[in-house]
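If you want the building blocks of each chain, they are given just below.
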Amino acid sequence: MTPQPTTVPATTPADPPGTAALRAAVRQRIRVVPDFPEPGIRFQDLTPVFGDPELVRRLAVTFTAAFDGAFDRVLAIEARGFVLGTAVAAAADRPLVLARKKGKLPGPVHRADYALEYGTATLEIQRDALAPDDRVLVVDDVLATGGTFAAAGALVADAGATVAGYAVAASIAGLHGAARLAPARVFSLLTTAD
Ligand SMILES: O=P(O)(O)OC[C@H]1O[C@H](OP(=O)(O)OP(=O)(O)O)[C@H](O)[C@@H]1O
Ligand SMILES: Nc1ncnc2[nH]cnc12
């Protein structure tokens, strides 16, 4: 008898229309800077992408479509995540919530310490920023180790809300950031070649 699998593999929804063309266009505009901000890091600089309004608009529409609009709020991560997060919130017509680095937000906050590809940091959200039944799409520019997204997810959980998913323009090859976030869904437009 043929052995049957004991688990059903998770299905990944098909990419939204136009994803392949957008992937090629974004890949072309990312500037790779060796040994920044420290030796051994190949920094993926998305500044040229942010400077192109058409690419930002297409990224926002693609992120929204990738999650079928099934989220109530967008959580954008300081600082580079603010660019795409703001665009996604506007495209999807959903409220924007800011996850900021330590000490920047007034009032009571939820706080999470984390490590990233280079160094350590602390993220905060205001305690009244999310409602318990909110489905939250977390947006950033780059996914490396997943430390930043994991901390953002912990803040969403602290608020009693739910992570609808994580959306990012580029994932760093070989660091397996998405695996760290499982079983949450991660939409990454592209994976770096190096
Ligand atoms: O997956 P990880 O290893 O956690 O790394 C990813 C994070 O690193 C970068 O942010 P950074 O903290 O450098 O801040 P910035 O956006 O303020 O430049 C990037 O924008 C992500 O937020
Ligand atoms: N290699 C990298 N390039 C850009 N942002 C990052 N955040 C963490 N690692 C990064």
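Keep in mind the model is a prediction, meaning the values are calculated, not measured.

Definitions and cut-offs
Residues numbered from 1 in each chain as written. Chains lettered and ligands numbered in written order. Predicted model: local features only at pLDDT ≥ 70, side-chain atom pairs only at ≥ 80, totals over all residues. Heavy atoms only, no water. UniProt positions renumbered as here; feature names shortened; annotations may be inferred. Helix = DSSP H or I, 4+ residues; strand = E, 2+ residues; numbered from the N terminus. Pairing = 2+ DSSP bridges. Core = buried A, V, L, I, M, F, W, Y, C linked by side-chain atoms within 4.5 Å. Buried < 20%, exposed > 50% of the residue type's maximum accessible area, 1.4 Å probe, protein only. Contact = heavy atoms within 4.5 Å. Right-handed = clockwise from strand over helix to strand, strands pointing away. Axes fitted to C-alpha atoms, helices over the stretch in contact; angles between N-to-C directions. Near = heavy atom within 4 Å. Polar contact = N/O pair within 3.5 Å; in protein donor to acceptor, adjacent residues only side chain to side chain. Areas by Shrake-Rupley, 256 points an atom, 1.4 Å probe, with all protein chains shown as cover. Nonpolar A, V, L, I, M, F, W, Y, C, P; charged D, E, K, R; others polar.

A. Just the UniProt feature "domain: Phosphoribosyltransferase" (unreviewed entry) in the protein, in detail. Sites flagged by UniProt as "domain: Phosphoribosyltransferase" (unreviewed entry) map to residues 56-170. Helix makes up 30% of residues 56-170 and strand 37%, with an end-to-end C-alpha separation of 13 Å.

B. View of the pairing of strand S5 (residues 109-115). Bridge count between S5 and strand S6 (residues 120-126): seven bridges; the pairing is antiparallel. From the neighbouring strand, Val109 faces S6, where its bridge partner is Gln126.

C. Fine view of the nonpolar core. Ranked by internal contacts, the top residues of the largest apolar core, which has 31 residues, are Val26, Leu59, Phe63, Val88 and Val139. Elements with a minimum of two residues in this core: helix H1 (19-29), helix H3 (53-66), helix H4 (81-92), strand S7 (135-143), strand S8 (162-171) and strand S9 (186-191). Per-element tally for this core: the top contributor is H3, with six residues. Those residues in contact with Val88, other than ones at most four positions away along the chain, are Ala60, Phe63, Thr64, Phe71, Val74, Leu137 and Val139. Residues Val97, Tyr114, Leu123 and Ala161 belong to the second largest nonpolar core, which totals 24 residues.

D. Structural detail: the pairing of S7. In terms of residue burial, S7 counts as a mostly covered element, since eight of its nine residues are buried. Across four bridges, strand S3 (residues 73-77) lies against S7 in parallel orientation. By the bridge assignment, Arg73 is partnered in S7 with Val136. Taken together, the eight bridges between S7 and S8 define a ladder with parallel strand orientation. Bridge assignment links Arg135 to a residue of S8, and that residue is Thr162. For the segment spanning S7, helix H5 (residues 147-158) and S8, crossover handedness is right-handed.

E. Spatial organisation of the sheet that holds S9. The strand order across the open sheet formed by seven strands is S5-S6-S4-S3-S7-S8-S9, and the pairing between neighbours is mixed. Two strands close off the open sheet at either side, each with one partner strand: S5 and S9. The sheet shows a mean angle of 20 degrees between the axes of neighbouring strands, direction not considered. Running over the sheet, H5 touches S3, S5, S6, S7 and S8 and is turned about 155 degrees from S5.

F. Representation of the site of ligand 2. Taken together, Ile41, Arg42, Phe43, Gln44, Arg80, Glu117, Tyr118, Val142, Ala144 and Ile172 are the residues near ligand 2. In this structure, Gln44 approaches ligand 2 through a main-chain N or O atom, which is 2.8 Å from a nitrogen atom. A distance of 3.2 Å separates a nitrogen atom of ligand 2 from a polar side-chain atom of Arg80. Contact with the protein chains removes 95% of the 260 Å² of surface that ligand 2 exposes when unbound. Counted by class, the shell around ligand 2 contains six nonpolar, one polar and three charged residues.

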